[in-house]
Amino acid sequence: MPLSDHEQRMLEQIESALYAEDPKFASTVRGGTLRAPSTRRRLQGAALFVIGLAMLVSGVAFKATMIGSFPILSVIGFLVMFGGVVYAITGPRVAGGRDHAGAEPGGPRPKRVKGSGTFTSRMEDRFRRRFDE
């Protein structure tokens, strides 16, 4: 359930007060945001996935890669596959994130560069601008 306008303003006031009182804590909590993965990163993740798949299959196929009856190469191959997928779908972390330190609760919102952000965030910004006017 979305917050009402009054609740949203109260939340923004609480956030700005928190950022004003303890900027060190605010920067720790704020952290960074994830960017979309690049094509190069996706290709590298796919390559890791294929290498892990080859390790998994060869670990089952060749008995020399087993320790006792435990297929160690297959387990390592699965971990490489999993790591490749995670690497491919996540982007690098941006250090700054959103900056609330100088934001005022009722102040003007910064203008967005055309084409930036997701579709839903652009629609939310348009919706908020209509009610701000």
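Residues numbered from 1 in each chain as written. Predicted model: local features only at pLDDT ≥ 70, side-chain atom pairs only at ≥ 80, totals over all residues. Heavy atoms only, no water.

## A word on the overall build of the chain
Next, step 1: Secondary structure assignment for the chain yields five helices and two strands.
Next, step 2: Along the chain, from the amino end to the carboxyl end, the secondary structure elements read α-α-β-α-α-β-α.
Next, step 3: Counting every position in the chain, which comprises 133 residues, the buried fraction comes to 14%.
Next, step 4: Considering only intrachain contacts with a sequence separation of at least 6, the fraction spanning at least 24 residues in the chain is 68%.
Next, step 5: Carbon together with sulfur atoms contributes 65% to the accessible area of the chain, which is approximately 10,600 Å² in total. (Helix = DSSP H or I, 4+ residues; strand = E, 2+ residues; numbered from the N terminus. Buried < 20%, exposed > 50% of the residue type's maximum accessible area, 1.4 Å probe, protein only. Contact = heavy atoms within 4.5 Å. Areas by Shrake-Rupley, 256 points an atom, 1.4 Å probe, with all protein chains shown as cover.)

## Re the packing of aromatic side chains
Next, step 1: According to the stated counting rule, one finds zero aromatic pairs in the structure shown.
Next, step 2: A cation sits over an aromatic face here: Arg41 above Tyr87, 4.0 Å from the ring centre. (Phe/Tyr/Trp six-rings, centres within 6.5 Å; stacked < 30°, edge-to-face > 60°. Lys NZ or Arg CZ within 6 Å of the ring centre and 35° of its normal.)

## A look at the packing of helix α3 (residues 39–61) against helix α4 (residues 72–89)
Next, step 1: Between α3 and α4, the least distance of the axes is 7 Å, while the angle of their chain directions is 165°. Classified by the angle their axes make, α3 and α4 are roughly antiparallel. α3 and α4 meet at a crossing whose hand is left-handed.
Next, step 2: Grouping the constituent residues of the contact of α3 with α4 by class yields 14 nonpolar, eight polar and two charged. (Axes fitted to C-alpha atoms, helices over the stretch in contact; angles between N-to-C directions. Parallel < 35°, antiparallel > 145°, perpendicular 65-115°, else oblique. Left-handed = near helix turned anticlockwise from the far one by under 90°. Nonpolar A, V, L, I, M, F, W, Y, C, P; charged D, E, K, R; others polar.)

## A word on the environment of Met66
Next, step 1: With respect to the element layout, Met66 can be found in the loop between α3 and α4.
Next, step 2: With relative accessibility at 22%, the residue Met66 sits in the partly exposed group.
Next, step 3: Apart from residues lying up to four places away in sequence, Met66 is in contact with Gly59, Val60 and Pro71.

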